[in-house]
Amino acid sequence: MTSELFSPLPLRSGHVLNNRIAKAAMEENMAADGQLPGKELFGLYRRWAAGGAGLLITGNVMVHAEALTGPAGVVLDDAAPLEPFAEWAEAGRSGGGAIWMQINHPGRQIGSDMPGVVWGPSAVGVDLGRHSSRFGRPVAMTPEQIRATVNRYAVTARRAEQAGFDGVEVHAAHGYLLSQFLSPLVNKRTDQWGGSLENRARMLLDVVRAVRAAVSPSFAVAVKLNSADFQRGGFDADDARQVIERLAPLGVDLVELSGGSYESPAMSGRPADARTQAREAYFLDLAKDLVTTSPLPLMLTGGITRRDTAERVLDSGVALVGMGTALAVTPDLPERWRQGREAAARLRPVAWSDKALAAAAGMAQVRHQMRRIARGSRPTPRTHPAFALVSEQRKQRRALRRYRAWLSEAQGTA
């Protein structure tokens, strides 16, 4: 058994992670009043910090107050107070590891009941069959909106550094805005942001340049990228290889590989085309190919729960192992591995025939565990997915009322 799992990982910015285990981003949807981090998030990240991971990556923090993935999403823009974010950063660093903020814009993946804007590279809506009406109809972004959004990423990154975070991860996977620009199925533009991969990658590359220019050289900058969209004719592994090559000269420290979108939820083990089985290390086969050519260190996330699987991922040449659901069930799993123990329990995948509903229930189960951890309680992995989904929907309805009121007030004073 190799000991590389607990060896340090130096990054090109000079930042050093104290081991090769990362808590990957999971959307918490736990914002307190004002779309700010509060006691729940502080408690959750202190528990994770004590669990032994070398790196914690937050759930996606929104760069645009009018575009949230969910009504209880956290927003860090130029109007947000920094004190709650400083406390969040302190909680994440309390165990001696690093904390990075994942920064994101949902683009077209916004609920139809949400206020604000629904933007995309083109006016192509999310196709979930009979569930498609759950999402708003997007409008194609203007060049001015694209440039303003690039600047929003830079503002959020700069303020994250001011708050005490060690780095940011730009989310360009899972069908969110930057991933939408990369996808030939969603991006139908005929201007400088559409057509060739060079054009489709333009917004992501501009975001990374702007972020790197806005932060200090020692501040880590990472990108989360799909290894593939798992949709016929979509963004694929060769596209990922080329994008990684284009990111390398821009001061990126690390690329995290994942896959899928709401339309093809491979990140939960349920791709639309069944090419990724519901197993551990969902994207390892694709990652092995990308490792051979990547000029940047790679992090792999997707279904990893056992130490021997994590060791196998590192043996393939991947630099960092990312875990999400496993740490929502066993928050001290890295420390358990160090002691030669395994996870206390595992969440069973939701095997409902309706893939979209199954993915939503799976995410609800994970959030149910995170809320228990945040309160200081033990996770309950046997929670029925239907119960978790109904409970989550109730919480989201209450959060939506708060978000509507907050956004209306914010817009009235802008």
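How each quantity is defined
- Residues numbered from 1 in each chain as written.
- Predicted model: local features only at pLDDT ≥ 70, side-chain atom pairs only at ≥ 80, totals over all residues.
- Heavy atoms only, no water.
- Helix = DSSP H or I, 4+ residues; strand = E, 2+ residues; numbered from the N terminus.
- Rg over C-alpha atoms; globule rule 2.2 N^0.38 Å.
- Buried < 20%, exposed > 50% of the residue type's maximum accessible area, 1.4 Å probe, protein only.
- Contact = heavy atoms within 4.5 Å.
- Areas by Shrake-Rupley, 256 points an atom, 1.4 Å probe, with all protein chains shown as cover.
- Lys, Arg positive; Asp, Glu negative; His and termini not counted.
- Charge placed at Lys NZ, Arg CZ, Asp CG, Glu CD.
- Core = buried A, V, L, I, M, F, W, Y, C linked by side-chain atoms within 4.5 Å.
- pLDDT = per-residue confidence, 0-100.
- Pairing = 2+ DSSP bridges.
- Phe/Tyr/Trp six-rings, centres within 6.5 Å; stacked < 30°, edge-to-face > 60°.

Trainee: Would you mind going over the overall build of the protein chain with me for this structure?
Mentor: Of regular secondary structure, the protein chain possesses 13 helices and 13 strands. Here the C-alpha atoms of the protein chain give a radius of gyration of 19 Å, agreeing with the 22 Å that 2.2 N^0.38 yields for 414 residues. Principal-axis analysis of the C-alpha atoms places the extent of the protein chain at approximately 55 × 45 × 45 Å. The 414 residues of the protein chain split such that 62% are buried. For the protein chain, the proportion of contacts with a sequence separation of at least 24, taken over those separated by at least 6, is 71%. Looking at the protein chain as shown, the accessible area adds up to about 15,800 Å², and 49% of this sits on carbon and sulfur atoms. Distance from the positive charge centre (51 side chains) to the negative charge centre (41 side chains) of the protein chain: 6 Å.

Trainee: So what exactly am I meant to see when it comes to the nonpolar core here?
Mentor: Soluble globular proteins: nonpolar side chains tend toward being buried together. The biggest cluster of nonpolar side chains holds 105 residues, and the ones touching the most others in it are Phe85, Met203, Leu204 and Leu247. With residues up to four places along the chain from it excluded, the contact list for methionine 203 reads Met141, Ile146, Thr149, Val150, Leu177, Leu178, Phe181 and Trp193. Within the second largest apolar cluster, 16 residues are counted, among which are Leu17, Ala98, Ala220 and Leu254.

Trainee: Honestly, the confidence of the model for the protein chain in this entry has me stumped. Any pointers?
Mentor: For residues with low pLDDT, the predicted coordinates do not support detailed interpretation. Summing up the model confidence of the protein chain, the mean pLDDT is 91 and the portion of residues at 70 or higher is 91%. For residues 265-279, every residue scores under 50 in pLDDT, and the model assigns this stretch 46 contacts once sequence neighbours within four places are set aside.

Trainee: Just to check I follow, could you spell out the environment of glycine 136 for this structure?
Mentor: Among the secondary structure elements, glycine 136 is positioned in the loop between β7 (119-120) and β8 (139-140). Assessed through its relative accessible area of 11%, glycine 136 is described here as buried. Measuring from C-alpha to C-alpha, the distance between glycine 136 and phenylalanine 181 comes to 17 Å, with 45 residues separating the pair along the chain. Discounting chain neighbours no more than four positions away, the residues touching glycine 136 are Arg108, Ile110, Gly111, Ser112 and Val118.

Trainee: What should I look at first to understand the pairing of strand β10 (residues 220-226) in this one?
Mentor: Regular strands have side chains that alternate between both faces of the sheet. Taking burial as the measure, the 7 residues of β10 include 7 buried ones, the bulk of the element. Neither face of β10 is open: one carries Ala220, Ala222, Lys224 and Asn226, the other Val221, Val223 and Leu225, and all of them are buried. Pairing of strand β9 (residues 167-172) with β10, which is carried by 6 bridges, proceeds in the parallel orientation. Each residue of the ladder has a partner; that of valine 168, found in β10, is valine 221. One ladder, built from 5 bridges, connects β10 with strand β11 (residues 254-258); its direction is parallel. Its bridge partner being in β11, alanine 222 is matched across the sheet by leucine 254.

Trainee: Looking at this model, I keep getting lost on the packing of aromatic side chains. Mind explaining?
Mentor: Where two aromatic rings form a pair, the distance of their centres and the angle of their planes describe that pair. Tallying each qualifying case throughout the model produces 5 aromatic pairs. Ring plane angle 85° and centroid distance 5.6 Å describe the contact between tyrosine 45 and tryptophan 88, whose orientation is recorded as edge-to-face. Of this pair, tyrosine 45 sits in helix α1 (residues 39-49) while tryptophan 88 sits in helix α2 (residues 83-93); the two residues are 43 residues apart in sequence, bridging distant segments of the chain. Residues tyrosine 45 and tryptophan 88 agree in their burial class; the two are buried. Members of the aromatic cluster, each reached through a chain of ring pairs, are Tyr45, Trp48, Phe85, Trp88 and Phe165.

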